[in-house]
Amino acid sequence: MPGFKYLAYDIDGREQRGVIESDSPRLARASLREQGLFPMDVSLIEAANDASAGIFGTRQADSLSMEQLAGITRQLATLIGAGLTIEGALSALVEQAETERERQVIAQLRASIREGQSLAQAMVAFPKSFSELYRTLVNAGEASGKLPDVLIKLADYVEEQQAIKQKIITAMVYPIIVTVICLLVVVGLMLYVVPQVVGVFESTKQTLPFMTRALLALSAMLKWTWWLWIVAAVGAVAGFRVAMKRPTQRHRFHALLLRLPIFGRLIRVRESSQLAATLSILVGSGVPVLTAMNAGVGVVNNIPMRLALERAANQVREGVSLSRALQAQNTKPALFPPVMLHLVASGEASGRLPETLASAARQQQRELETRTARLAALIEPVMIVVMGGIVLAIVLAVLLPIFELNQLVAR
């Protein structure tokens, strides 16, 4: 039974919005009238079918956020674990939903369940919100009868990835703010303060020092060409976006990022931690290693690392162990951390692969947090010193004419 979102008014004229299930818009309107509402708009909830959505649907504005997805997943696990059917759990979540988007997605899932589909099959209609990895895990949980446990693992995974993302953002916020403020200060000095102050000395017909004349020339250039710099910046961003739509250019750019001294290591650690955590959940939920690797490809954003993982999956299909397949892809620069590969090999030898993969994920996450904090701590003083040097140069250019004028007066 399809779901419909509606806009209606009650007898007191208050606006009411929600979701209702019915066989047709006409029957939906009739049902709303029976509830004492006056429907103004009733429209079918359309499923999203954008294959370009992110791993957990966070790249599109109308998809569920990672916080919403984690909350829904954990609540669903609790309700099903308490003995409710999937349909009953989804009905409870419809009432619990805090946003219209959540309510629409859950209602459509419930309608698909009533039509006889499994939960994983119902989620296919919403790839923006439920990725292939997510659906694979749900399908494995339904097949094994351990759906609540799998959903709890999924909720933990989503929350961990969101926490890592927030830590990285928090670590970089202060350096970015300092940089922006310093740039605004320098621009303000160059465009307004310097011309007015130095203009006083120009009226005295005094020969200005070279440093002051150079600063005035730069100030004049910025004053008359500031719009060109904005156009150039916008054009550069637009050109970069167009170039990144081409697979060849995007591959070259991602390969270049991996070769950078500091950022390359950060990218490899972050991608490896996501991959290890994903494989740990999949293999621990009973998914075959090869299927887990194929699903795990989706969590790797860097193209060279993704292609390497696909090649490793092909080798696993031919009978090679996971650790050897990943080790074979470790050309220069090494794509997968050696510590992670040793842990995977140990897990395969001992039969505890899910546990060692989880340990590898935690180790990589700790390293990522440590390196991010160090990078932020390094950027802050460097930016302060650079901007302080620029401001010092401006101040000296302004003060030099004053020093020369004082010398002339003293003579």
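Our structure is the block above this text.
**Student:** Explain the packing of aromatic side chains to me, and be specific about the residues and the numbers.
**Tutor:** Scanning all chains against the criterion turns up two aromatic pairs. On the numbers, 5.3 Å between centres and 55° between planes, the contact of Phe-130 with Tyr-134 is tilted. Like Tyr-134, Phe-130 is buried. Summarising the aromatic geometry, the rings of Phe-240 and Phe-253 are spaced 5.1 Å apart at their centres and angled 75° between planes, so their arrangement reads as edge-to-face. On the criterion of sequence distance, the pair formed by Phe-240 in helix 8 (residues 210-244) and Phe-253 in helix 9 (residues 247-259) is long-range, its members being 13 residues apart.

**Student:** Describe in detail a nonpolar patch on the surface, supporting the description with residues and values.
**Tutor:** Residues Leu-256, Leu-260, Ile-262, Phe-263, Leu-378, Val-382, Val-386 and Ile-390 make up a contiguous nonpolar surface patch of roughly 640 Å² in combined accessible area. Looking at the nonpolar patch, the element that brings in the most residues is helix 15 (residues 353-410), giving four residues. Mapped onto the elements of the fold, Phe-263 is located in helix 10 (residues 263-284). The class of Phe-263 is partly exposed, set by a relative accessible area of 41%.

**Student:** Quick rundown of the packing of helix 9 against helix 12 (residues 303-317)? Include the residues and the values.
**Tutor:** Running from amino to carboxyl end, helix 9 crosses helix 12 at an angle of 95°, the nearest separation of the two axes being 7 Å. Comparing their axes, helix 12 and helix 9 come out roughly perpendicular. Seen from helix 9, the contacting residues are Arg-250, His-251, His-254, Ala-255 and Leu-258; seen from helix 12, they are Ile-303, Pro-304, Met-305 and Leu-307.

**Student:** Can you tell me about the side chain of Gln-329, naming the residues and giving the values?
**Tutor:** With respect to the secondary-structure elements, Gln-329 resides in the loop between helix 13 (322-327) and helix 14 (338-350). Of the residues examined, Gln-329 reaches a relative accessible area of 6% and is grouped as buried. At 2.9 Å, the side chain of Gln-329 forms a polar contact with the side chain of Arg-311. Discounting chain neighbours no more than four positions away, the residues touching Gln-329 are Ala-308, Arg-311, Ala-312, Gln-315, Leu-335 and Phe-336.

**Student:** Which residues make up helix 2 (residues 66-81), and what values go with them?
**Tutor:** Helical geometry: 3.6 residues make up each α-helical turn, so side chains three or four residues apart lie on a common side. Spanning 16 residues, helix 2 covers 22 Å between terminal C-alpha atoms, matching the ideal 22 Å at 1.5 Å per step. Listed in full, the buried residues belonging to helix 2 are Met-66, Leu-69, Ala-70, Ile-72, Thr-73, Leu-76, Ala-77 and Ile-80. The arc that holds the buried residues of helix 2, viewed along the axis, is 165°, so those residues lie on one side. Backbone geometry just after helix 2 places Gly-83 at a positive phi near 110°.

The rules behind the values
- In every chain, residue numbers begin from 1 and rise along the written sequence.
- The model is predicted, so local features are restricted to residues of pLDDT at least 70 and side-chain atom pairs to those at 80 or more, both for listing and for counting; the totals for chains, interfaces and linings are taken over all residues.
- Water and hydrogen atoms were dropped before computing side-chain values, which therefore reflect all heavy atoms in the structure.
- Each aromatic pair joins two rings of Phe, Tyr and Trp (for Trp, the six-membered one) with centres within 6.5 Å, and gets the label stacked for planes under 30 degrees apart, edge-to-face for over 60, and tilted for any other angle.
- Using a 1.4 Å probe on the protein chains alone, a residue whose accessible area is under 20% of its type maximum counts as buried, one over 50% counts as exposed, and one in between counts as partly exposed.
- Where helices and strands are cited, they refer to DSSP runs of H or I of at least four residues and of E of at least two residues respectively, numbered from the N terminus.
- Any residue with relative accessible area above 30% and no salt bridge may belong to a patch, with like charges joined within 9 Å and the nonpolar Val, Leu, Ile, Met, Phe, Trp and Tyr side chains within 5 Å.
- Computed with the Shrake-Rupley method and a 1.4 Å probe, the accessible areas treat only the protein chains shown as cover for residues.
- Basic side-chain nitrogens of Lys or Arg form a salt bridge, by our definition, when they fall within 4 Å of a carboxyl oxygen of Asp or Glu.
- Angular values range over 0 to 180 degrees, each being the angle between N-to-C directions of two axes fitted as lines to C-alpha atoms, with helices fitted over their stretch in contact.
- Should an angle fall under 35 degrees it is taken as roughly parallel, and over 145 as roughly antiparallel, whereas 65 to 115 is taken as roughly perpendicular and any remaining angle as oblique.
- In what follows, a contact means two residues having at least one pair of non-hydrogen atoms within 4.5 Å.
- For the purposes of these results, a polar contact is taken to be a pair of N or O atoms within 3.5 Å, where, inside protein, one atom must be able to donate a hydrogen and its partner to accept one; residues adjacent in sequence count only when each atom of the pair is a side-chain atom.
- Helix span, expected: 1.5 Å multiplied by one less than the number of residues in the helix.
- The arc in question is traced by the directions running from the helix axis to the C-beta atoms.

Honestly, it's all geometry; don't read function into it.
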